[in-house]
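Coordinates in review
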Amino acid sequence: MEKQRKGFRVNRMKKNKLGLPAQIVISLILGIVVGLACYFIEGGPAFTTNYLKPFGTIFVNLLKFIVVPVVLFSMIDGIISMDDMKKVGSVGWKTVAYFMITTAIACVIGLVFANIFRAANLFPTLQLQEGAVWDKATSANFMDTLVNIFPSNMWEAFRTSNMLQVIVIALFFGGAILSAGKKGALCRDIVVSFNEVINRLMAFIISLSPIGVFTMMAWVVATQGAEILGSLALVILCAYLGYIVHAVVVYSASVSPLAFFKGAAAAMIFAFTSTSSTASLPVSKECAEDLGADKDIAAFVLPLGATVNMDGTAIYQCVATIFLAACVGMELTLGQMITVVVTATLASIGTAGVSGAGMIMLAMVLTAMGIPVDMIMLIYGIDRLFDMGRTCLNVTGDISCSLCVTNWENNRAAKAVAQK
Ligand code: ASP
């Protein structure tokens, strides 16, 4: 079975001479070139919106449609393959510790860069246009997120693709199948079989990703190219410096850098163009396994990471908070900065792995700081540009975590063998 499955893998596409990562890179470059051309041609941006973006949307829809079964079955399969609750617990706490620590570091990096930019007067001071009002109904707080993790209706969780709830369902079912022992054998076989079928379907959808990357990139460049040149360019630069430094320092410290970024490239580019960690899950799963992550650990860590581990979002929230504080003329004290670290860490955990969710959760950080939430309108129009980088970093962090936890578990197993 495993042997056949490999025929579909991202980095080993046998049928195509050009591997999928190379195809994705070429699509990205072509997308930028076509997007730039359309940007300068009259009617070009509308052309990309009307005729290119729909193909990207079809592709993202396909990913969204497959993501609930992927998370559900791969996670249950991962848990039952670990075979004992002790191993699930061991992987679980290491994963959560990795998520929390790297996200807190991300916040500090974001704050350092934002403060440097602010001190050097590089941030523009902008005012809200009259009538610009943030729709408060769309913002959520952390306690709501906590309560909503537990589903009252399983089908509703699937129907609305509520990923945190799907994860909880998978954890419960995985644990229950393990504890049912022999009597749960039929359920176990059904999960394994479904998982195999879903993997094949997912591999097919992933093979279409160059189309998605090309069309989405062309659309973004053609429609938002001008914004990059606008007054907010330095705020975007500040966030991207944070993203890059975090990726290089934190993720390279945890795994061999060059091999890591090469192996993760397909998922990173995909996340960059789709702006959704959840939609990128199938690709990041393939990349993580190709990089050497244990299949079961990857099946556990990645869906959880795509929903709660958002280092890029945390950096963005810190940079945006300092920038918007500067716009309202507010100086943050050290104590307030610590509050930003804590709330941005929590807000990033509560952020769903979908396009634009990080901006909605930014409302929580701003509220905690006493900054008017309406100020979000200043960066509303260019959120996608922030989102591309932050999603890319979010997904990279998940892959890195799955590799680190694999290494730690391997070391633990080796130690246990040595002690015997
Ligand atoms: N789009 C991000 C993600 O899916 C979440 C965010 O908006 O920050 O990871």
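Before going further, it helps to spend a moment on the side chain of Thr-48. Among the secondary structure elements, Thr-48 is positioned in helix H3 (residues 44-82). Residue classification places Thr-48 among the buried residues on the basis of a relative accessible area of 0%. Here Pro-45 takes part through its backbone oxygen, which lies 2.6 Å from a polar atom of the side chain of Thr-48. Other than its neighbours up to four places away in sequence, Thr-48 contacts Cys-38, Lys-53, Pro-54, Ala-218, Trp-219, Ala-222 and Thr-223.

All right, on to empty space enclosed by the protein then. For the structure on display, the rule yields three cavities of 30 Å³ or more. Here the largest cavity defines a volume of roughly 60 Å³. As for the largest cavity, its lining consists of 15 residues, of which Ala-352, Val-354, Asp-387, Thr-391 and Asn-394 are closest to the centre. Counting residues per element, the ones that place at least two in the lining of the largest cavity are helix H16 (357-369) and helix H18 (383-419). For the lining of the largest cavity, the element with the most residues is H18, which contributes four residues. Of the residues belonging to the lining of the largest cavity, the class tally is four nonpolar, nine polar and two charged.

Let's shift gears to the environment of Met-330. You can see Met-330 is positioned in the loop between helix H14 (311-327) and helix H15 (334-350). Put simply, Met-330 and Gly-370 are 40 residues apart on the chain and 9.6 Å apart in space, counted from C-alpha to C-alpha. The residues touching Met-330, leaving out its near neighbours within four places in the chain, are Arg-118, Ala-325, Gln-336, Met-369 and Ile-371.

Further remarks concern the side chain of Asp-398. Within the secondary structure, Asp-398 is located in helix H18. No salt bridge is formed by the buried Asp-398, whose closest oppositely charged neighbour, Arg-390, lies at an N-O distance of 13 Å. With residues up to four places along the chain from it excluded, the contact list for Asp-398 reads Phe-99, Val-301, Leu-302, Gly-305, Ala-306 and Asn-309.

The next subject is the packing of aromatic side chains. Within the structure shown, the criterion is met by eleven aromatic pairs. Relative to Phe-40, the ring of Tyr-39 has its centre 4.9 Å away and its plane inclined at 65°; by these criteria the two rings are edge-to-face. Classification of Phe-40 by relative accessible area gives exposed; the value is 67%. Their ring planes at 55° and their centres at 5.3 Å tell us that Tyr-316 and Phe-386 sit as a pair that is tilted. Here Tyr-316 is found in helix H14, whereas its partner Phe-386 is found in helix H18, with 70 residues between them in sequence. Each member of the pair, Tyr-316 together with Phe-386, is buried. In this structure an aromatic cluster arises from ring pairing among Phe-117, Phe-123 and Phe-323. Positioned above the aromatic ring of Trp-219 is the side chain of Lys-53, whose terminal nitrogen or guanidinium carbon lies 4.5 Å from the ring centre. The ring of Tyr-316 has Arg-390 lying over it, and the distance from NZ or CZ to the ring centre is 4.1 Å.

Reading the values: rules and limits
Residues numbered from 1 in each chain as written. Predicted model: local features only at pLDDT ≥ 70, side-chain atom pairs only at ≥ 80, totals over all residues. Heavy atoms only, no water. Helix = DSSP H or I, 4+ residues; strand = E, 2+ residues; numbered from the N terminus. Buried < 20%, exposed > 50% of the residue type's maximum accessible area, 1.4 Å probe, protein only. Polar contact = N/O pair within 3.5 Å; in protein donor to acceptor, adjacent residues only side chain to side chain. Contact = heavy atoms within 4.5 Å. 1 Å grid on protein atoms, 1.4 Å probe; cavity = no way out; pocket = protein on both sides within 12 Å on 5 of 7 lines; lining within 4 Å. Points joined across faces, edges and corners; volume = space filled by probe spheres on them. Nonpolar A, V, L, I, M, F, W, Y, C, P; charged D, E, K, R; others polar. Lys, Arg positive; Asp, Glu negative; His and termini not counted. Salt bridge = Lys/Arg side-chain N within 4 Å of Asp/Glu carboxyl O. Phe/Tyr/Trp six-rings, centres within 6.5 Å; stacked < 30°, edge-to-face > 60°. Lys NZ or Arg CZ within 6 Å of the ring centre and 35° of its normal.

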